[in-house]
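Listed here are the chains, written in short residue letters.
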Amino acid sequence: MPRLPETFATLYGHAPDGVWSAPGRVNLIGEHTDYNGGLALPIALPHRTSCAASARDDDVLRIASLQEESSVEVRIDEVAAGHPSGWTAYVAGVLWALREAGYAVRGLDVLVDGRVPLGAGLSSSAALECSVAAAASDLFGLGLLESAEGRAALAAACQRAENDVAGAPTGGMDQAAAMHCTPAHALRLDCRDGATSQVPFDLEAHDVVLLVTDTRASHALADGQYGARRDACEKAADLLGVEFLRDVVDRPLDETLDALPDDELRRRTRHVVTEIERVDAVVDALRDGDLDEVGRLFVASHESLRDDYEVSCTELDLVVDTAVAQGAFGARMTGGGFGGSAISLVRAEDVDRVSSAIEDAFAEARLTAPVSFAVTAAGSAARDRLSPA
Ligand code: ADP
Ligand code: MG
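Residues numbered from 1 in each chain as written. Chains lettered and ligands numbered in written order. Predicted model: local features only at pLDDT ≥ 70, side-chain atom pairs only at ≥ 80, totals over all residues. Heavy atoms only, no water.

The protein chain is annotated in an unreviewed UniProt entry as Galactokinase of Knoellia locipacati. Per UniProt, the protein chain has the following entry under Sequence similarities (unreviewed entry): "Belongs to the GHMP kinase family. GalK subfamily." (UniProt positions renumbered as here; feature names shortened; annotations may be inferred.)

**Student:** Honestly, the sheet that holds strand β8 (residues 196–200) in this entry has me stumped. Any pointers?
**Tutor:** As a general point, the strands of a sheet are linked pairwise by backbone hydrogen bonds and lie either parallel or antiparallel. On the basis of which strands lie adjacent, the open sheet formed by three strands has the order β2-β7-β8 and antiparallel pairing. Where the open sheet ends on each side, the last strands, each with one partner, are β2 (39–40) and β8. Contacts between helix α5 (residues 173–180) and the sheet are confined to β2, β7 (185–190) and β8, with β7 contributing the most and set at about 135° to the helix. The sheet strands contacting helix α8 (residues 263–288) are β2, β7 and β8, and the helix crosses β8 at an angle near 45°. (Pairing = 2+ DSSP bridges. Helix = DSSP H or I, 4+ residues; strand = E, 2+ residues; numbered from the N terminus. Contact = heavy atoms within 4.5 Å. Axes fitted to C-alpha atoms, helices over the stretch in contact; angles between N-to-C directions.)

**Student:** Please explain the nonpolar core as it appears in this structure.
**Tutor:** Grouped burial of nonpolar side chains is what soluble globular proteins tend to show. L28, L41, I43, F201, L210, L286 and L345 are the most contacted members of the largest nonpolar core, which has 69 residues in total. The element that contributes the greatest number of residues to this core is α8, accounting for nine residues. Each of domain 1 (3–200) and domain 2 (203–375) contributes no fewer than three residues to this core. The next biggest cluster of nonpolar side chains, apart from the first, holds 42 residues, and it includes L61, A97, L108 and C130. (Core = buried A, V, L, I, M, F, W, Y, C linked by side-chain atoms within 4.5 Å. Buried < 20%, exposed > 50% of the residue type's maximum accessible area, 1.4 Å probe, protein only. Domains from an automatic or database assignment.)

**Student:** I keep staring at the packing of helix α3 (residues 124–139) against α5 and nothing clicks. Help me out?
**Tutor:** A pair of packed helices is characterised by two quantities: the angle between their axes and the separation of those axes. Taken N-terminus to C-terminus, the directions of α3 and α5 make an angle of 50°; their axes are 9 Å apart at the nearest point. Between α3 and α5, the angle falls in the class oblique. The way α3 lies across α5 gives a crossing that is right-handed. Every residue of α5 that contacts α3 at A126, E129, C130 and A133 is listed here: D174, Q175, A178 and M179. Across the contact of α3 with α5, the residue classes tally to five nonpolar, one polar and two charged. (Parallel < 35°, antiparallel > 145°, perpendicular 65-115°, else oblique. Left-handed = near helix turned anticlockwise from the far one by under 90°. Nonpolar A, V, L, I, M, F, W, Y, C, P; charged D, E, K, R; others polar.)

**Student:** Would you explain the sheet that holds strand β1 (residues 18–27) in this entry?
**Tutor:** As summarised here, the arrangement of the six strands in space is β5-β4-β6-β3-β1-β13, forming an open sheet in which the pairing is mixed. What marks the edges here is a single partner per strand, and that holds for β5 (68–75) and β13 (382–383). The pairing of strand β4 (residues 60–65) with strand β6 (residues 108–114) spans five bridges and is parallel. When the bridges of β6 are listed, S65 appears paired with V112. Sheet strands touched by helix α2 (residues 88–100): β4, β5 and β6. Its angle to β4, the strand with the most contacts, is close to 145°.

**Student:** Is there a simple way to think about unusual backbone geometry in this case?
**Tutor:** The general pattern is negative phi for most residues beyond glycine and trans for most peptide bonds. The amide bond that connects H83 to the next residue, P84, takes the cis arrangement and shows omega of 0°. Mapped onto the elements of the fold, P84 is located in the loop between β5 and α2. Non-glycine residue H32 carries a positive phi angle of around 60°. Examined against the element boundaries, H32 turns out to sit in the loop between β1 and β2.

**Student:** Looking at this model, I keep getting lost on the site of ligand 1. Mind explaining?
**Tutor:** Near ligand 1, the surroundings consist of 17 residues, among which S65, Q67, G119, S124 and S125 are the closest. Within the contact set of ligand 1, a nitrogen atom lies 2.7 Å away from a side-chain nitrogen or oxygen of S65. One of the side-chain N or O atoms of Q67 is found 3.0 Å from a nitrogen atom in ligand 1. Relative to its free-state accessible area of 560 Å², ligand 1 is covered by the protein chains to the extent of 79%. Elements with a contribution of two residues or more to the shell around ligand 1: β6 and α3. Here the shell around ligand 1 takes three residues from α3, the largest share from any one element. (Near = heavy atom within 4 Å. Polar contact = N/O pair within 3.5 Å; in protein donor to acceptor, adjacent residues only side chain to side chain. Areas by Shrake-Rupley, 256 points an atom, 1.4 Å probe, with all protein chains shown as cover.)

Here's what the structure looks like:
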């Protein structure tokens, strides 16, 4: 298969100015906490989305992907909610959001190649946005990749593209991971103030593997249920007189729950509060190298998401139950839920056994075959070294 720059040249009739890429992510713990001003702990995946791009001296965006048939040509000032529609919104939205934020950006020719599985809960959408944002930053001399503040500004523009143009009401974790993660570290992300810190996550040193299992399930419920969970959290925060549920983490949980009028709101709130506490418990356990404790916290997180937050599904539960039965330190669903992926922390020597057991369990339950792969904590959005000068 021709390399991305060659395909770009065939498509647009000139070479790209460079190739930029950004990673997908898995969240180790801290699920459904981002929109509650809480904590999350993602790692960047080795799987990346590449963006070959060249700067134009007009305002036209020409956007194509190796993964999609459709392409688009649109001027930046025509970009708006739902326009362009479909996948190209994620790309056009980034240039629009950068301009809205006051950065002097012009048009681009763009061809993307995504190696993050699409729609598997591994954040191919943020990988796409952030690869484009990285390209725009370099090609228009914004210099935003060079500092943490600049990267935060790029992440904010990417989130705005996803929320306002693509119309997906997601929190900012995915873009923060794609912009701030470093190899062999997880990113402790405080979603209230955007603060980030690096937590050692060097599994190779422990002969341990993080296995990601894409269940390939995607339940139609997902969108509506996500909105319903956000609404429940807002309502609970309102009733408790705080801006975010994060703000009640330091109060006695019993008192918080007693102040809520119904069981469902109490369970939603209990998930958010205990999940935020588990993030720092995992951070401590990782710093201590206590993988048994990390595993226990993974399982506690999964149970909370399954029983209190009710966002798991048969496939995710089956991965977790099977991995734990096979001796994993722990396992949990990751991402929004109702399908997508699960993660299992397993000894290197057990990886093949655990992934075959998961495959067998799915076959026995007559579910679509899942795809499991081992991942390491990789790096953030950057210009590719081999990219043309
Ligand atoms: P996730 O981010 O978990 O993969 P999303 O639904 O948020 O799932 O984003 C997936 C969408 O992002 C795809 O349906 C597509 O619109 C867009 N997308 C991601 N990567 C690419 C790509 N390489 N080419 C075209 N569109 C992409
Ligand atoms: Mg996404």
